Amino acid sequence: MTSAAPSLAIVTDAAANPADLLDSAATAIGFASSIEQAFSKTGSNGQAVVVPAIDGFAAGSPTIADPALVEHLIDLLYDLGAKSVVLGTTEGSDALWAENRDVFMRADLLGYRYVTPAGRDYDIVDLSDDAEDSPFAADSALAGIPLSTTWREAALRVVFAANRTDAADGYALALHTLLSVLPGRDKESLYVRQRDPGAVVHALLSATPVDVAFIDAVVSSHGHGGSARPLSIETRTIVAANDPRVADQAGALKMGLDPQVSRLWYAPPASDETRTSGSLLPYEGWINVTPAARDAVRRRQKDAALDRSVGPLLQQVDTSLFPLRNEANARLNEWLSSFLSMEDIASGRETFAFLEMVLAQLAEARSAWQIMFAKDAIAHKPAALNVSPHDIDEAEWPKVAPAIASQRALLNGCTADAEGLRWRMVDGAVLFDCIRRYPVSLDAFAAAVPIHRTIQFMNDYIGGEAVTVASDDSGRVTRQLERNLYLPQPNFTALLGGDVIDVTKIETVSYGTDRQAMAWQTLFSANDSALADDGMVEFAEVGEDTVVTIFARQHFRQPPLVEAFDLTLLPDLHAWLITDAYRRFASRTFANLEAVLEGRDVRIGKPAAEVDIDEPLPIDGLLTLAERLRDELPDDWIEGLRGRFDWNRSDQPVPDRVDADGFQHFKPTARQKAPVSDRPVLRPWLLDDVSRALAAELGRHG
């Protein structure tokens, strides 16, 4: 949508009525002409859909768009020719732990009246109710995700955000509010943990562009705790733009932040025609979440179970409107509130940052334990391909296989060990190859183990996506782009902060009568975990058998603590570590290929799926266990246990004397044992049941 008026307006007036601020901002961006264009399009249904920030936990909270302002906007839309206006949003993951969080009850309790000041009726809709077909491209981050028909078919799409800081992303403005049009309750898992949030926003805006974005900054929410612990501040501003990215850019700058601190951010296209009215001078007295706290929150959020458990404890809630479902959560929330008060700025900042760092360490310790000892508890990590086939020059494809062949030639002169492994260091990277023979024909082996999927069968593969770019006449993949995620390598680096290996690759596959081969080269690493992860795999027919050869050139970044020690100064130890790591990789990868050949699933971890609204949180399971213990244990068991450790009991012996050095001396007395019938008893079968229940609880939320 184009307009001769400025695309961005920042209207600030300490004395103006909020509705007048909104009118001025709308006028400055040419709102009337934008609506006229939208409603005059062929096939327009004349309906405007407004998505407001409506995820707060108290009426009048600065973390939501003011309902009165939103209703004023609805009147403005009707005045400008809208046939109908609806407010749309979806249910969030907070419905897992708080009452009254469905779309309609939440809107009612936060102040929406379903009728405007001018007497116009409007509807509030749950945009997940009619989320059916997916409008997203096959190579998009949201491929296959359904989207609301109401949102897709709207003549005009408007986002109305609140002006607020965010504990994980620094700020939560129009792009953050836009995520609420997507279906699924556990949006943190679906669109942040499992996908690149910036790519999600890009896909959503590409499929359904937003026509206008407003940010309600009349009364804003700032402070070190983000939206979880909001602090109100009067900023008397409305931001409006014809692009939500432009609105967010201005909103972040007004907070004194670089827009790219948010994971949702991606820059709008540069345009010489873009003009700005109003000041980008930061708000006076504004307080942002500290970088250290932001980093800690993101690290903590990687653990889905911990993140869902912490949410109800840290969130400031008006429990008269939104009671917590769990009494333990309610009590812990109340107790923590006294420590996390944001009114004392210095104390609140330090306490919040410290708590988040502790939680981040707990999340990382738990993740490291799973990587080392409980890989089946790890969730798969869907990661959409982050490069388009159109970005790859046609001349690059034929270069891949020869480049890998020349790299492998550098292993000439190396002697394979007893397990068929040989390796050497070149330019800081490890070059290695390994061979295994399978007593099955090439045709049978290749039919069971498609060569273009070999990387997905390798040791410690945890997720990713492959997209076919070209196929031969038989439908076999010949060109492919692939994103691979692996557990930290070697696994023990997870104990020292090692990150998931995330590499995007270009791949080519060739097929012959007695040989098949796939070669791959690194394009980039999204998290900078790998400088190189190139390689090839070959299936060759030898007699009646199939020989599989794997070659790779790998150069992974290590945690700072590992890199601080130059292991090349200890060549024997360095060689032993590399040999051991690649022997493990080879033996487990070849075992995986054998399992695939036999029809077994070799994926580690468990499928990443959205949490169902009825699935209890970890604390619910532990409370159920506690109630069972209370019902099963003898009534006097706790008192008996307390008595054993109560050093202030009246039957404690009195010292005979106290010497000059302060030591107490007692006369020996005969010790009487309590009758067996009086001792608290833990029944063996109960201990077994408790162990099983704890193991099941930890495994279910692993």
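> Which parts of the structure should I look at to understand the packing of helix 1 (residues 18-28) against helix 3 (residues 67-79)?
Put simply, helix 1 and helix 3 touch, their axes get as near as 10 Å, and they point 45° apart. One way to sum up the angle between helix 1 and helix 3 is to call them oblique. The two elements helix 1 and helix 3 meet at a crossing, and its hand is right-handed. Every residue of helix 3 that contacts helix 1 at Pro18, Ala19, Leu22, Asp23 and Ala26 is listed here: Leu69, His72, Leu73 and Leu76. Residue composition of the contact of helix 1 with helix 3, grouped by class: 7 nonpolar, 1 polar and 1 charged.

> Explain the pattern of salt bridges here, please?
Close approach of charged atoms allows side chains with opposite charge to pair. Evaluated as defined, the whole model comprises 34 salt bridges. For Glu364, the salt bridge is made with Arg299, and the minimal N-O distance between the two is 2.8 Å. Residue Glu364 is located in helix 13 (residues 345-373), and its partner Arg299 is located in helix 10 (residues 291-301); the two are separated by 65 residues in the primary sequence. For Glu364, a relative accessible area of 30% gives the class partly exposed. On the basis of relative accessibility, which here comes to 18%, the residue Arg299 falls in the buried class. Between Arg515 and Glu538 there is a salt bridge, with its nearest N and O atoms 2.5 Å apart. Of this pair, Arg515 sits in strand 15 (residues 515-524) while Glu538 sits in strand 16 (residues 530-542); the two residues are 23 residues apart in sequence, bridging distant segments of the chain.

> For this particular structure, what's the right way to read the nonpolar core?
Across soluble globular proteins, nonpolar side chains have a tendency to be buried as a group. If you look at the biggest cluster of nonpolar residues, it comprises 52 residues, and the most contacted ones within it are Phe31, Leu73, Leu77, Phe160 and Phe214. The element best represented in this core is helix 3, accounting for 7 residues. The residues contacting Phe214, other than those within four sequence positions of it, are Leu22, Ala26, Phe31, Leu73, Val158, Val159, Phe160, Ala161, Ile238, Val239 and Ala240. Listed in part, the 50 residues of the second largest apolar core include Phe136, Leu147, Leu178 and Leu204.

> Could you clarify how one ought to interpret the sheet that holds strand 10 (residues 422-426) in this entry?
Strand pairing within a sheet occurs via backbone hydrogen bonds; the two strands may be parallel or antiparallel. The 8 strands lie next to each other as 10-11-17-16-15-14-13-12, forming an open sheet whose pairing is antiparallel. Of all the strands in the sheet, just strand 10 and strand 12 (461-471) have a single pairing partner and so form its edges. Neighbour to neighbour, the strand axes of the sheet diverge by 15° on average, direction disregarded. Both strand 13 (residues 477-486) and strand 14 (residues 501-511) contribute to a ladder of 8 bridges, which runs antiparallel. Among the inter-strand pairings, Arg479 is bridged to a residue of strand 14, identified as Thr508.

> So what exactly am I meant to see when it comes to unusual backbone geometry here?
Residue Pro490 follows Gln489 across a cis peptide bond; omega there is -15°. Take Pro490: it is sitting in the loop between strand 13 and strand 14. In the Ramachandran plot, Asn100 falls in the positive-phi region, its phi being about 65° despite a non-glycine side chain. The residue Asn100 is located in the loop between strand 3 (84-89) and helix 4 (103-109) in this model.

> What exactly am I supposed to notice about the packing of aromatic side chains here?
One pair of aromatic rings is described through two measures. These are the centre distance and the angle between the planes. Using the criterion set out here, one finds 12 aromatic pairs in the structure. Where Phe57 meets Phe322, the ring centres are 6.2 Å apart and the plane angle is 80°; that geometry is what we call edge-to-face. In this pair, Phe57 sits in the loop between strand 2 (47-52) and helix 3 while Phe322 sits in the loop between helix 11 (304-314) and helix 12 (327-339), placing the two residues 265 residues apart along the sequence. Here the two residues Phe57 and Phe322 agree in accessibility, since each one is buried. Lying over the aromatic face of Phe57, Arg101 brings its terminal NZ or CZ to 3.9 Å of the ring centre. Here the basic side chain of Arg101 rests over the ring of Phe322, its NZ or CZ set 4.6 Å away from the ring centre.

> So what exactly am I meant to see when it comes to the pairing of strand 13 here?
Each regular strand shows side chains that alternate between the opposite faces of the sheet. Of all 10 residues in strand 13, 9 are buried, a share of seventy percent or more. Here 9 bridges tie strand 12 to strand 13, and the two strands are oriented antiparallel to one another. Looking at strand 13, one finds that Ala466 is bridged to Glu482. Counting the residues between successive antiparallel strands, the hairpin from strand 12 to strand 13 contains 5 residues, one of them, Gly475, with a positive phi of roughly 85°.

> When you look at the side chain of Thr454 in this model, what are you seeing that I'm missing?
Checked against the element boundaries, Thr454 lands in the loop between helix 15 (442-448) and strand 12. The exposure class of Thr454 is buried, given its relative accessible area of 0%. Within the structure, the side chain of Thr454 is placed 2.7 Å from the backbone oxygen of Ile451, a separation counted as a polar contact. In contact with Thr454, other than residues within four places in its own chain, are Met518, Val537, Phe539 and Leu593.

> Can you help me understand the environment of Leu359 in this one?
Positionally, Leu359 belongs in helix 13. Overall, Leu359 belongs to the buried group, its relative accessible area being 11%. Spatially, the C-alpha atoms of Leu359 and Arg300 are 5.9 Å apart, while their sequence positions differ by 59 residues. Leaving out residues up to four positions away in the same chain, Leu359 has contacts with Arg300, Leu306, Val310 and Leu314.

> It is not clear to me how a nonpolar patch on the surface should be interpreted in this structure. Could you clarify?
Judged by side-chain polarity, Phe492, Leu495, Leu496, Leu561 and Phe565 come together as a nonpolar surface patch covering roughly 500 Å² of accessible area. Along the chain, Leu496 falls in the loop between strand 13 and strand 14.

> Would you mind going over the pairing of strand 3 with me for this structure?
Among the 6 residues that make up strand 3, 5 are buried, leaving the element largely enclosed by the rest of the structure. Of the pairings in the sheet, the one linking strand 2 to strand 3 comprises 4 bridges and is parallel in character. Bridge pairing links Val49 to Val86 in strand 3. The β-α-β motif built from strand 2, the intervening helix 3 and the parallel element strand 3 has right-handed crossover chirality. Note that the unit made of strand 3, helix 4 and strand 4 (residues 123-126) has a crossover that is right-handed.

The rules we used
- Residues numbered from 1 in each chain as written.
- Predicted model: local features only at pLDDT ≥ 70, side-chain atom pairs only at ≥ 80, totals over all residues.
- Heavy atoms only, no water.
- Axes fitted to C-alpha atoms, helices over the stretch in contact; angles between N-to-C directions.
- Helix = DSSP H or I, 4+ residues; strand = E, 2+ residues; numbered from the N terminus.
- Parallel < 35°, antiparallel > 145°, perpendicular 65-115°, else oblique.
- Left-handed = near helix turned anticlockwise from the far one by under 90°.
- Contact = heavy atoms within 4.5 Å.
- Nonpolar A, V, L, I, M, F, W, Y, C, P; charged D, E, K, R; others polar.
- Salt bridge = Lys/Arg side-chain N within 4 Å of Asp/Glu carboxyl O.
- Buried < 20%, exposed > 50% of the residue type's maximum accessible area, 1.4 Å probe, protein only.
- Core = buried A, V, L, I, M, F, W, Y, C linked by side-chain atoms within 4.5 Å.
- Pairing = 2+ DSSP bridges.
- Phe/Tyr/Trp six-rings, centres within 6.5 Å; stacked < 30°, edge-to-face > 60°.
- Lys NZ or Arg CZ within 6 Å of the ring centre and 35° of its normal.
- Polar contact = N/O pair within 3.5 Å; in protein donor to acceptor, adjacent residues only side chain to side chain.
- Patch = residues over 30% accessible without salt bridge, like charges linked within 9 Å, V, L, I, M, F, W, Y side chains within 5 Å.
- Areas by Shrake-Rupley, 256 points an atom, 1.4 Å probe, with all protein chains shown as cover.
- Right-handed = clockwise from strand over helix to strand, strands pointing away.

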